[in-house]
Amino acid sequence: MTTPDISIKLAGIPMKNPVMVASGTFGYGPEYAPLVDLAKLGALVVKGISPEPWRGNPTPRTVEVASGLINAIGLQNPGAEGFLRDYLPFLRKFDVPVIVNIWGRTIEGYAAVAARLSQAEGIAALELNVSCPNIKEGSKSFGSNADMFKRVVAATRAVTKLPLIPKLAPDVFRIGEFARIAEAEGADALAITNSVPAMAIDIETRRPKLANVTGGLSGPAIRPIAVRLVWEAAKAVKIPIIGIGGIYSAADALEFFIAGASAVAVGTANFLEPTTALTVADGLRDYLARHKLGSIHELVGTLAC
Ligand code: SIN
């Protein structure tokens, strides 16, 4: 049998394989370039960019817990102009689709950053961050309310021709409803999911371990939640889904494909082993060969139940 084909076209973007690196776990590229061949990634999703630079939350901003990590970075970033000046020229040197995660504190802010980035060469798509649990204004406040969500997707869609990928929160009551709104408002794909609101307490001081008190839990602990969300959303819409949540191995990624994802993104595992996305892609190829499947498409949404 010939080598199985794991290349995909997602939202019109050709990718060598369906394994991306998730926003917030891979910096803006240069941080990982000495460790990973960026051109071998399916796509690179950079940390959230807002219209203006943003300092993020006070420290401590991360804490390890059983089977995961809680972070409350607070979307620190160099702003749209800083990203275009300091990072995009570097990323353009690599043959890899660059997806920019964007956020704003207002609907106008989302539209402004989307419009500005759309003028630049070398951005493959925009991932709409409406699911970060760590800031008071913006992001998740738009992703947890169906009406606000509809407005932010519509406003962003109106100002960009780039593929638009809303990244949905894990703790909405009915993910299918948000998925349908995104599809109706012109989203090209969905990213599911972001970290789960969580907290950890130092029992000696009785103080929260994070300065922000709460944060977002990621890593293997949330994988079964994410797989279920992908499965539910995939039943609700026709646009492709990128499955995200605690993927450390090909076996983990395969659950997402079988549940209905067309691609996946590796997140927290990048902090432990920066080449995880590449080993996941290799493992997908091996699995397809073992199951006599010619392409990854043959696996998507094949859950037997
Ligand atoms: C953060 O910066 O607080 C996390 C990013 C995210 O959840 O999107």
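The model shown is predicted, which means the values in this text are computed figures rather than measured ones.

What counts, and at which threshold
Residues numbered from 1 in each chain as written. Predicted model: local features only at pLDDT ≥ 70, side-chain atom pairs only at ≥ 80, totals over all residues. Heavy atoms only, no water. Helix = DSSP H or I, 4+ residues; strand = E, 2+ residues; numbered from the N terminus. Buried < 20%, exposed > 50% of the residue type's maximum accessible area, 1.4 Å probe, protein only. Polar contact = N/O pair within 3.5 Å; in protein donor to acceptor, adjacent residues only side chain to side chain. Contact = heavy atoms within 4.5 Å. Near = heavy atom within 4 Å. Areas by Shrake-Rupley, 256 points an atom, 1.4 Å probe, with all protein chains shown as cover. Nonpolar A, V, L, I, M, F, W, Y, C, P; charged D, E, K, R; others polar. Axes fitted to C-alpha atoms, helices over the stretch in contact; angles between N-to-C directions. Parallel < 35°, antiparallel > 145°, perpendicular 65-115°, else oblique. Left-handed = near helix turned anticlockwise from the far one by under 90°. Expected span 1.5 Å × (residues − 1). Pairing = 2+ DSSP bridges. Right-handed = clockwise from strand over helix to strand, strands pointing away.

Visitor: So what about the side chain of Ser-50? Which residues, and what values?
Guide: Here Ser-50 lies in the loop between β4 (43-49) and β5 (62-65). Judged by relative accessible area, which is 4%, Ser-50 ranks as buried. Separated by 2.7 Å, the side chain of Ser-50 and the backbone oxygen of Glu-52 make a polar contact. Aside from chain neighbours lying at most four places away, what touches Ser-50 is Asn-77, Gly-79, Ala-80, Trp-103 and Val-113.

Visitor: Could you give an account of the site of the ligand, with specific residues and numbers?
Guide: If you check the shell around the ligand, you find Lys-47, Asn-71, Ile-73, Gly-74, Leu-75, Asn-129, Cys-132, Pro-133, Asn-134 and Asn-194 and nothing else. Contacts to the ligand include Leu-75, whose backbone N or O atom sits 2.7 Å from an oxygen atom. The side chain of Asn-194 places a nitrogen or oxygen atom 3.1 Å from an oxygen atom of the ligand. Compared with its free state, where it exposes 260 Å², the ligand has 94% of that area covered by protein. Taken together, the residues that form the shell around the ligand break down as 4 nonpolar, 5 polar and 1 charged.

Visitor: Tell me about the packing of helix α5 (residues 146-159) against helix α6 (residues 175-184), residues and numbers included.
Guide: It is at 9 Å that the axes of α5 and α6 come closest, and there the two elements cross at 25°. Classified by the interaxial angle, the pair formed by α5 and α6 is roughly parallel. As α5 runs across α6, the sense of the crossing is right-handed. Residue-level contacts link Ala-146, Phe-149, Lys-150 and Val-153 of α5 to Glu-177, Phe-178, Ile-181 and Ala-182 of α6. Across the contact of α5 with α6, the residue classes break down as 6 nonpolar, no polar and 2 charged.

Visitor: I'd love a proper account of helix α10 (residues 276-290), names of residues and values included.
Guide: Taking 1.5 Å per residue as the helical rise, α10 with its 15 residues ought to reach 21 Å, and the 21 Å between its terminal C-alpha atoms agrees with that figure. By the burial criterion, the buried members of α10 are Thr-276, Ala-277, Leu-278, Val-280, Ala-281, Gly-283, Leu-284, Tyr-287 and Leu-288.

Visitor: Residue-level account of the pairing of strand β9 (residues 164-168), with values.
Guide: In terms of residue burial, β9 counts as a mostly covered element, since 5 of its 5 residues are buried. Every second residue of β9 is oriented toward a common face, with Leu-164, Pro-166 and Leu-168 on one face and Ile-165 and Lys-167 on the other, all of them buried. Of the strand pairs in this sheet, strand β8 (residues 125-129) and β9 are connected by 4 bridges, and their pairing is parallel. The residue of β9 that forms the bridge with Leu-126 is Leu-164. Examined bridge by bridge, β9 and strand β10 (residues 190-192) share 2 bridges and lie parallel to one another. In the strand pairing of β10, Lys-167 is matched with Ala-191. Handedness of the β9-α6-β10 crossover: right-handed.

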